[in-house]
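# Geometric and topological summary
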Amino acid sequence: FFSISGSEFVQMFVGMGAAKVRDLFQQAQQKAPCIIFIDEIDAIGQSRDRAMGNDEREQTLNQLLTEMDGFDATKGLVILAATNRPESLDKALLRPGRFDRRIIMELPDLEGRKAILKVHLKDVKHGDIDLDKVGRATAGSSGADIANIVNEAALRAVRLGKNQIETEDLEESVETVIAGEQKKGAVISPEEKRIISYHEIGHAMVAACQSHSAPVEKITIVPRTSGALGYTMQVDAGEKHLMSKQEMLNRIATLTGGRAAEEIMCHTVTTGASNDIEKATQLAREMITIYGMSDKYGMMQLEQVRNRYLGGNSSLTCSAETARDIDKEVAEIIHNAHEKAKKIITDHKAQMDAAAGILLKKETITGEEFMKVLGE
């Protein structure tokens, strides 16, 4: 098994990289059958139609292509490579006979996350853990995130003087990884605390009063190191792969619920809704430009996503007039969602007061406690 990084082929002197490729394949053929693994192949395998201005890299790629031409001399060699930027690779590299199979490492689904949790829990002492509950709460996490969550849970258990991890440690560590540590010493004035609790109950109230909305798991007004002064945690009952237009509109309404509660219950608006505004705007924009849910433009692609595996930066692919229309539609979607949230909160003022009172006293309440107040 030969393992090498793509950047190791890039040398100061022209021709050295190509010589390294020749050496590698020569050694591999002597040891055949064997596997060659090239990590970050985009360092040498970038498309040659761009004016790279780097003759060295081009020669190295040409040598690699020559070595990979599948004739009998290279029998018994299996070549693997990894990259985060498959769209930037040279077309010649991806032809059948060279790299002809593509394996995409997606984020794990619910069953995958449960299996990964089991792997990492083997290294730590633990009691009877509700894997399903933790698996659902970690939607969108990678294997490395889950390892981090188990590590955080072990640290928390030790701090609390336990000799094994329990489900609640894992649940708290999920929040630590998402929102940061609890800021125990933060001093918040009673008036601000009241506004924050109404803000969070506003999110929960709008979520609870809409169908096609993920159930509320937890509401808290304990500040976190990420800058969050409180948050409402929603967890889907099962694994979701598709999101309907109605669900997205409901999600935007839930995001505007915090600001709506501030306006109606506290007769003020604060800076606490900045993160909600960011998420709601992004979601509304994606609905129109990427998912084709616009009334005016329908199924027309208006935005292109690049570098999907590296955060995915996107750019508009339309005229300035269309961009203006998109802004109008985004504003309208958010305005309608905000009006809907305001109506829900106005209709449930008594429950808002009761729930906010409990939250102020306890600082953290579960979804069941909130639904109980709503039921009453």
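Structural notes, computed from the coordinates. Since this is a predicted model, take the numbers as computed values, not measurements. Sequence order sets the numbering: in each chain, residues are counted from 1 along the sequence as written. For this predicted model, a pLDDT threshold of at least 70 governs which residues receive local features, and a threshold of 80 or more governs which side-chain atom pairs are given and counted, while totals over whole chains, interfaces and linings are taken from all residues. The basis for every side-chain value is the complete set of non-hydrogen atoms in the structure, without hydrogens or water.

### Describing the sheet that holds strand β1 (residues 2-5)
Reading across from one edge, β1-β2-β3 is the order of the three strands in this open sheet, with parallel pairing throughout. What marks the edges here is a single partner per strand, and that holds for β1 and β3 (77-81). Sheet twist, expressed as the average angle between the axes of neighbouring strands with direction ignored, equals 15°. A pair of strands is treated as paired once DSSP finds two or more bridges between them. Numbering of helices and strands runs from the N terminus, with a helix taken as a DSSP run of H or I at least four residues long and a strand as a DSSP run of E at least two residues long. By the bridge criterion, four bridges tie β1 to strand β2 (residues 34-39) in an arrangement that is parallel. Convention adopted: a line fitted to C-alpha atoms gives each axis, helices being fitted over their contacting stretch, and angles between N-to-C directions are expressed from 0 to 180 degrees.

### Thoughts on the layout of surface pockets
If a probe the size of a water molecule is rolled over the atoms, the empty space left behind becomes visible. A cavity here means a set of points on a 1 Å grid, drawn over the protein atoms and nothing else, where a 1.4 Å probe fits but cannot get out; a pocket is an open set with protein on both sides within 12 Å along at least five of seven lines, and a residue lines either one if it has an atom within 4 Å of a point. Grid points are joined across faces, edges and corners, and a volume is the space filled by probe spheres set on the points. In this structure, the second largest pocket spans a volume of roughly 990 Å³. As for the second largest pocket, its lining consists of 29 residues, of which Ala 81, Ala 82, Arg 101, Arg 102 and Ile 103 are closest to the centre. Throughout this entry, Asp, Glu, Lys and Arg are counted as charged residues, while Ala, Val, Leu, Ile, Met, Phe, Trp, Tyr, Cys and Pro are counted as nonpolar. The remaining residues, Gly among them, count as polar. Looking at the lining of the second largest pocket residue by residue, the class counts come to 17 nonpolar, five polar and seven charged.

### Observations concerning the packing of helix α10 (residues 274-289) against helix α11 (residues 320-347)
Two numbers describe how α10 lies on α11: the axes approach to 9 Å, and their chain directions differ by 125°. As judged from the angle between their axes, α10 and α11 are oblique. Between α10 and α11 lies a crossing whose hand is right-handed. Counting all contacts with α10, which are made through Ala 280, Thr 281, Ala 284, Arg 285, Met 287, Ile 288 and Thr 289, the residues of α11 involved are Ile 326, Asp 327, Glu 329, Val 330, Ile 333 and Ile 334. For the contact of α10 with α11, the per-class residue count stands at eight nonpolar, two polar and three charged. Roughly parallel refers to an angle under 35 degrees, roughly antiparallel to one over 145, roughly perpendicular to one between 65 and 115, and oblique to any angle outside these ranges. With the far helix as reference, a near helix turned anticlockwise by less than a right angle produces a left-handed crossing, and one turned clockwise produces a right-handed crossing. The contact definition used throughout considers only heavy atoms, calling two residues in contact when any of these lie within 4.5 Å.

### Looking at the pairing of strand β4 (residues 216-220)
The classification of residues rests on relative accessible area computed with a 1.4 Å probe and restricted to protein chains. Under 20% of the type maximum is buried, over 50% is exposed, and intermediate values are partly exposed. The buried fraction of β4 amounts to four of the five residues, a majority that puts the element mostly inside the structure. In terms of strand pairing, β4 meets strand β5 (residues 231-234) through four bridges, oriented antiparallel. What sits directly across from Val 216, in β5, is Gln 234. Note that β4 and strand β8 (residues 364-366) share three bridges and pair antiparallel. Paired with Ile 219 across the strands is Ile 365, a residue of β8.

### A look at a nonpolar patch on the surface
Like-charged residues are merged into a patch within 9 Å and nonpolar side chains (Val, Leu, Ile, Met, Phe, Trp, Tyr) within 5 Å, provided each residue has over 30% relative accessible area and no salt bridge. Residue burial considers only the protein chains on display, and all accessible areas are found by Shrake-Rupley using a 1.4 Å probe. Just to be clear on terms, a salt bridge is a Lys or Arg side-chain nitrogen sitting within 4 Å of an Asp or Glu carboxyl oxygen. On the surface, Phe 1, Ile 35, Val 78 and Leu 80 cluster together to form a nonpolar patch covering roughly 380 Å² of accessible area. You can see Ile 35 is positioned in strand β2. Taking relative accessible area as the criterion, Ile 35 reaches 33% and is therefore assigned partly exposed.

### Examining the side chain of Ser 141
Among the structural elements, Ser 141 can be located in the loop between α5 (131-137) and α6 (143-159). For Ser 141, a relative accessible area of 11% puts it in the buried group.

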